[in-house]
Amino acid sequence: MIEKRSFDSLGHADHGWLNARHHFSFANYYDPARMGWGAIRVWNDDEIAPNSGFPPHPHKDMEIITYVRTGAITHQDSMGNTGKTGAGDVQVMSAGTGVRHAEYNLESETTTLFQIWIMPRAGGGAPSWGAKPFPKGERSGKFVTLASGFAEDSDALPIRADARVLGATIKAGESVTHIVGQGRHAYLVPAVGKIEIDGKPFDARDGAGLSGGQTVTITAIEDAEIVLVDSD
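Described below are features of the structure shown in this document.

Some details on the nonpolar core
Core analysis: the largest hydrophobic core is formed by 25 residues, its most contacted members being Trp43, Ile116 and Ile118. Within the residue set of this core, elements represented by two or more residues are strand E4 (40-48), strand E6 (63-70), strand E9 (90-94), strand E11 (111-118), strand E13 (144-148), strand E15 (163-170), strand E17 (185-192) and strand E22 (224-231). If near-sequence neighbours (up to four positions away) are discounted, Trp43 is found in contact with Arg21, His22, His23, Phe24, Phe114, Gln115, Ile116, Tyr187, Val189, Val227 and Val229. If you look at the next biggest cluster of nonpolar residues, it comprises 18 residues, including Ile2, Ile197, Ala208 and Val216.

Some points on unusual backbone geometry
If you check the backbone angles, Ala27 has positive phi at about 55° while not being a glycine. Here Ala27 lies in the loop between strand E3 (18-22) and E4. Given the relative accessible area of 68%, Ala27 is considered exposed. In this structure, Asn51 takes a positive phi of about 55° despite not being glycine. Secondary-structure assignment places Asn51 in the loop between E4 and strand E5 (52-59).

Brief notes about the sheet that holds E17
Taken together, seven strands build an open sheet; the order of strands is E1-E20-E17-E22-E15-E13-E14 and the sheet is mixed. Taken across any chain shown, the strands that pair with only one partner, and hence form the sheet edges, are strand E1 (2-5) and strand E14 (157-158). The sheet contact formed by E17 and strand E20 (residues 207-211) spans four bridges and is antiparallel. Paired with His185 across the strands is Ser211, a residue of E20.

Some details on the pairing of strand E21 (residues 214-220)
Of the two faces of E21, only one is covered, namely that formed by Gln214, Val216, Ile218 and Ala220; the face formed by Thr215, Thr217 and Thr219 stays uncovered. Here strand E18 (residues 195-197) pairs with E21 via three bridges, running antiparallel. Pairing of Ile197 across the sheet is with Ile218, part of E21.

A word on the packing of aromatic side chains
Taken as a whole, this structure holds six aromatic pairs when the rule is applied. Summarising the aromatic geometry, the rings of Trp17 and Phe54 are spaced 5.1 Å apart at their centres and angled 80° between planes, so their arrangement reads as edge-to-face. Of this pair, Trp17 sits in the loop between strand E2 (11-14) and E3 while Phe54 sits in strand E5, and the two are 37 residues apart along the sequence. The exposure class of Trp17 is partly exposed, given its relative accessible area of 29%. Among the aromatic side chains, those forming a connected cluster through ring pairs are Phe24, Trp43, Tyr67, Phe114 and Tyr187. For the cation-ring pair, Lys4 lies above Phe202, with the distance from its terminal atom to the ring centre recorded as 5.3 Å. Over the ring of Phe114 we find Arg69, and its NZ or CZ is 4.6 Å from the ring centre.

As for the sheet that holds E18
Pairing is antiparallel in the open sheet, where four strands are placed in the order E16-E21-E18-E19. Edge positions in the sheet fall to strand E16 (175-180) and strand E19 (200-202), since each of these pairs with one other strand and no more. In this sheet, neighbouring strand axes are inclined to one another by 25° on average, regardless of whether the strands run parallel or antiparallel.

Regarding the pattern of salt bridges
Scanning all chains against the criterion turns up 10 salt bridges. Among the salt bridges present, the one from Arg205 reaches Glu47, with a minimum N-O distance of 3.0 Å. Placement of the pair is Arg205 in the loop between E19 and E20 and Glu47 in strand E4, with a sequence separation of 158 residues. With relative accessibility at 18%, the residue Arg205 sits in the buried group. Glu107 is the partner of Lys84 in a salt bridge, and the nearest nitrogen-oxygen pair spans 3.2 Å. With Lys84 in strand E8 (residues 82-86) and Glu107 in the loop between strand E10 (99-105) and E11, this pair connects stretches of sequence that are 23 residues apart. The class for Lys84 is exposed, based on a relative accessible area of 55%. For Glu107, a relative accessible area of 19% corresponds to the buried category.

Conventions used here
- Residues numbered from 1 in each chain as written.
- Predicted model: local features only at pLDDT ≥ 70, side-chain atom pairs only at ≥ 80, totals over all residues.
- Heavy atoms only, no water.
- Core = buried A, V, L, I, M, F, W, Y, C linked by side-chain atoms within 4.5 Å.
- Buried < 20%, exposed > 50% of the residue type's maximum accessible area, 1.4 Å probe, protein only.
- Helix = DSSP H or I, 4+ residues; strand = E, 2+ residues; numbered from the N terminus.
- Contact = heavy atoms within 4.5 Å.
- Pairing = 2+ DSSP bridges.
- Phe/Tyr/Trp six-rings, centres within 6.5 Å; stacked < 30°, edge-to-face > 60°.
- Lys NZ or Arg CZ within 6 Å of the ring centre and 35° of its normal.
- Axes fitted to C-alpha atoms, helices over the stretch in contact; angles between N-to-C directions.
- Salt bridge = Lys/Arg side-chain N within 4 Å of Asp/Glu carboxyl O.

Here it is in structure tokens:
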């Protein structure tokens, strides 16, 4: 019901400028048992050295969400968009029929982030990009929807998938709950802090795969910052 993927079990690639951990198969890391979780295809835990980053490269038919944990990332793409996303904030890119983009850490400190890829509900469509600040104080003790493919989530960044990306900050001793609907899949990672999910312990940057048809209680053992994706 709750599948634990400890940080030390994740795929690992150290390129010098990029120290990456892969929750699911990605690039040279391949595990047939970790090809994704529902429509969630990629969850990378990246550390990007100062004054470095990903040079221009293409994507197609993928929803790409970047959650910045520390530092900042500067985005450039073939649509003419540019923007900087700082710690705690989110950017999304719908690759659609195809787009080229670059992501640079132009800061003097290491940038850490989660990059999450979700399969779109349908291929094609014009590519798009957007970013938005989400003050951590506004998600204290509760989940806030950061990105969503559902029209009712009008305050969230739009994505073209039957999915929501949620964030919460919870103080030690506090709890939040999440309902995973029948046929749904949720994947949760504490960016910071130790937590328990229905009594099962998870350290910072461990992954938790949650199956559909259950309600889970997430309790902070230490002050924690949580990112959760609920998808089809």
